[in-house]
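Single-letter residue listing:
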Amino acid sequence: MTERRVANLRAGQRVRAALGVKYLADDCQELPSVEAVEFLFDGGPSILLSCGTDWTLEVAEGRWPALPEWCWPIEAWTFEKVEEIGSPDLDVIISTSDILNAVGEICGVLLEFPAAWVTIRSGKALTWEISRRES
């Protein structure tokens, strides 16, 4: 990752868990949307990945266990554990790579773990995919 963007998201970092920041709209018929993912580390601050208004990847220091400041009203938001991340073989980052859009802006990140790759992309919504390595 670009050091100026994500100084605390780097190879060798141990991830305890990843939490989705979800908006719980009362009148929404769809599933609640995940607006950000917060990575919790063994030691050091958490890192929050979210979509920028221009669909670039926003990276900020998290506030765990508090929700991000932009979560308003606070009672309409919650954390939900992202399954697998933080489990054995999906807990130590081996490498990170930026994903760039057509004009060279960071719109995602590829995190390599011993057992899988995790791709997080911004856009109209934040998405992630876990691609397991073949044994």
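Please read these numbers as outputs of a predicted model, since none were measured by experiment.

Peer 1: Got a sec to walk through the sheet that holds strand 9 (residues 127-132)? Specific residues and values, please.
Peer 2: The strand order across the open sheet formed by 4 strands is 6-7-8-9, and the pairing between neighbours is antiparallel. One side of each edge strand has no neighbouring strand; the edge strands of this open sheet are strand 6 (95-100) and strand 9. Recorded for the sheet is a direction-independent mean angle of 15° between the axes of neighbouring strands. Summarising the sheet, strand 7 (residues 106-112) and strand 8 (residues 116-121) pair through 5 bridges and their orientation is antiparallel. The residue of strand 8 that forms the bridge with G108 is R121.

Peer 1: Now, about the sheet that holds strand 1 (residues 15-23): what can you tell me, with residues and values included?
Peer 2: If you trace the 5 strands from one edge of the open sheet to the other, you get 4-3-2-1-5, paired in antiparallel fashion. Each edge of the open sheet is held by one strand with a lone partner, namely strand 4 (57-61) and strand 5 (77-81). Going across the sheet, the axis of each strand differs from the next one's by a mean of 25°, ignoring polarity. Pairing analysis gives 4 bridges linking strand 2 (residues 33-41) to strand 3 (residues 47-51), with the strands arranged antiparallel. By the bridge assignment for strand 3, E38 is matched with L48.

Peer 1: Describe in detail the pattern of salt bridges, supporting the description with residues and values.
Peer 2: Counting across every chain of the model gives 7 salt bridges. Linking D91 and R14 is a salt bridge whose minimum nitrogen-to-oxygen distance equals 2.8 Å. Taken as a pair, D91 in the loop between strand 5 and strand 6 and R14 in the segment before strand 1 lie far apart in primary sequence, 77 residues in all. Take D91: its relative accessible area is 15%, and that puts it in the buried class. Judged by its relative accessible area of 39%, R14 falls in the partly exposed class. Here R16 and D42 are joined by a salt bridge, their closest N and O atoms 3.9 Å apart. With R16 in strand 1 and D42 in the loop between strand 2 and strand 3, this pair connects stretches of sequence that are 26 residues apart. The structure contains a network of salt bridges with shared partners spanning R14, R16, D42 and D91.

Here is what the cut-offs are and how they apply
- Along each chain, residue indices are assigned from 1 in the same order as the chain's sequence is written.
- Since the coordinates come from a predicted model, pLDDT governs what is reported: local features require at least 70, and pairs of side-chain atoms require 80 or more to be given and counted, while whole-chain, interface and lining totals use all residues.
- The side-chain values count all of the structure's non-hydrogen atoms but skip hydrogen atoms and water molecules.
- For two strands to count as paired, DSSP must find a minimum of two bridges between them.
- By the criteria applied, helices consist of DSSP H or I runs no shorter than four residues and strands consist of E runs no shorter than two, each listed in order from the N terminus.
- Think of each axis as a best-fit line through the C-alpha atoms, taken over the contacting stretch in the case of a helix, with angles from 0 to 180 degrees between the N-to-C directions.
- We define a salt bridge as a side-chain nitrogen of Lys or Arg found within 4 Å of a carboxyl oxygen belonging to Asp or Glu.
- Relative accessibility thresholds used throughout: buried, under 20% of the residue-type maximum; exposed, over 50%; partly exposed, between the two (1.4 Å probe, protein chains only).

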